[in-house]
Amino acid sequence: MQSLQIGFSINEILFLATLATGLCWVAWRHRLRRLAELPARKPLWVSFGAELFVVVSLMFTCRVAVADWPKVPSGSMEPTLRVGDYLLVNHLAYGPRLPFTNTALEFGQPQRGDVVVFRYPLDVSQFYVKRLVGLPGDKVAFSNGVVRINGAPFDVEPVGDSRADEDRGQWMVRETAAATSRTLKINPFVQGRLPLNLQDPGLAANCQAASASAWECTVPAGHYLMLGDNRDNSADSRVWGFLPHEQVYGKAVRVLINFADLKRAWTAL
């Protein structure tokens, strides 16, 4: 049985701020009922507490129940996501997550090919974004940077060169697996030779590796196999293991904006 992990991120901070300002609001309303007239000056705890309650609670409700907008910090999902992208994360796709425990009011389930935002299993205060490649029960075979699902043949084709500076010297390929496809970035000098971390108990129990660039895993119940689209520059399930379902946070559906490249605004994922 997996132990409860407590995360502390911006959502938990907003929850505590909502609680504190809400208590200030209740205290102020109670005090007003006992006063014959309004005081000439409001105490500071009213100005900076009670009067901010509505604003803070709306921010908290929006981020937890509807959507939020994290910033992409690294290139592990290139070319799909770029450093500096602000993502629109839809919480209603899977259901809102409650703060501290990440317990879900589930509306749906993650699907193969989804770009998923989740709490990093080794430090649940951090949020990661990767692509969901394997569902529970899937047999995922990996070879030279690309995957196949449940015994289907590898389906990979090259695509045109990217003009982005960060893609120079890299291969752009289109990978299709289990009826979902995506564009990957492959380093021709690496080609998937990032070793599977068989020191992780979950990977050791469910995976076999013929070499650093060739392995096969059966995804255990209640978990997902996550990979970055930048296959040779991504710390993903190959490093930290399968993603527990309870750490799923939301589905990234669009790039809201990237201030370094405004043409990426409202790009669908």
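Let me begin by describing the structure that accompanies this report.

So, how was this worked out
- Residues numbered from 1 in each chain as written.
- Predicted model: local features only at pLDDT ≥ 70, side-chain atom pairs only at ≥ 80, totals over all residues.
- Heavy atoms only, no water.
- Helix = DSSP H or I, 4+ residues; strand = E, 2+ residues; numbered from the N terminus.
- Buried < 20%, exposed > 50% of the residue type's maximum accessible area, 1.4 Å probe, protein only.
- Contact = heavy atoms within 4.5 Å.
- Areas by Shrake-Rupley, 256 points an atom, 1.4 Å probe, with all protein chains shown as cover.
- Lys, Arg positive; Asp, Glu negative; His and termini not counted.
- Charge placed at Lys NZ, Arg CZ, Asp CG, Glu CD.
- Pairing = 2+ DSSP bridges.
- Axes fitted to C-alpha atoms, helices over the stretch in contact; angles between N-to-C directions.
- Phe/Tyr/Trp six-rings, centres within 6.5 Å; stacked < 30°, edge-to-face > 60°.

## Concerning the overall build of the protein chain
Counting secondary structure elements, the protein chain contains five helices and 15 strands. If you line up the protein chain on its principal axes, its C-alpha atoms span 80 × 45 × 30 Å. Each of the 269 residues in the protein chain was classed as buried or not, and the buried ones make up 44%. A fraction of 58% describes how many contacts in the protein chain between residues 6 or more apart in sequence connect residues 24 or more apart. Carbon and sulfur atoms provide 59% of the accessible area of the protein chain, an area that totals close to 13,900 Å². Seen as two clouds, the 28 positive and the 24 negative side-chain charges of the protein chain have centres 7 Å apart.

## Comments concerning the sheet that holds strand 10 (residues 207-211)
Judged by pairing direction, the sheet is antiparallel, and its four strands sit side by side in the order 6-5-11-10 without closing on themselves. What marks the edges here is a single partner per strand, and that holds for strand 6 (146-149) and strand 10. Mean inter-strand twist for the sheet, computed between neighbouring axes without regard to direction, equals 15°. Two elements, strand 5 (residues 139-143) and strand 6, share four bridges in a ladder whose sense is antiparallel. When the bridges of strand 6 are listed, Phe142 appears paired with Val147.

## Brief notes about the environment of Lys263
With respect to the helices and strands, the residue Lys263 is situated in the loop between strand 14 (248-257) and strand 15 (267-268). C-alpha separation for the pair Lys263 and Gly160, spaced 103 residues apart in sequence, amounts to 19 Å.

## Description of the packing of aromatic side chains
Throughout the structure, instances matching the rule amount to nine aromatic pairs. Where Phe118 meets Tyr128, the ring centres are 6.2 Å apart and the plane angle is 55°; that geometry is what we call tilted. One end of the pair, Phe118, is in strand 3 (residues 115-119); the other, Tyr128, is in strand 4 (residues 127-134), and ten residues separate them in sequence. Accessibility expressed as a relative area gives 0% for Phe118, which makes it buried. Relative to Trp240, the ring of Phe118 lies with its centre 5.6 Å away and its plane at 50°, an arrangement referred to as tilted. Taken together, the residues span a long stretch of sequence, with Phe118 in strand 3 and Trp240 in helix 5 (residues 237-240) at a distance of 122 residues. Comparing Phe118 with Trp240 shows no difference in burial state: the two are buried. Taken together through their ring pairs, the aromatic side chains of Phe118, Tyr120, Tyr128 and Trp240 make up a single cluster.

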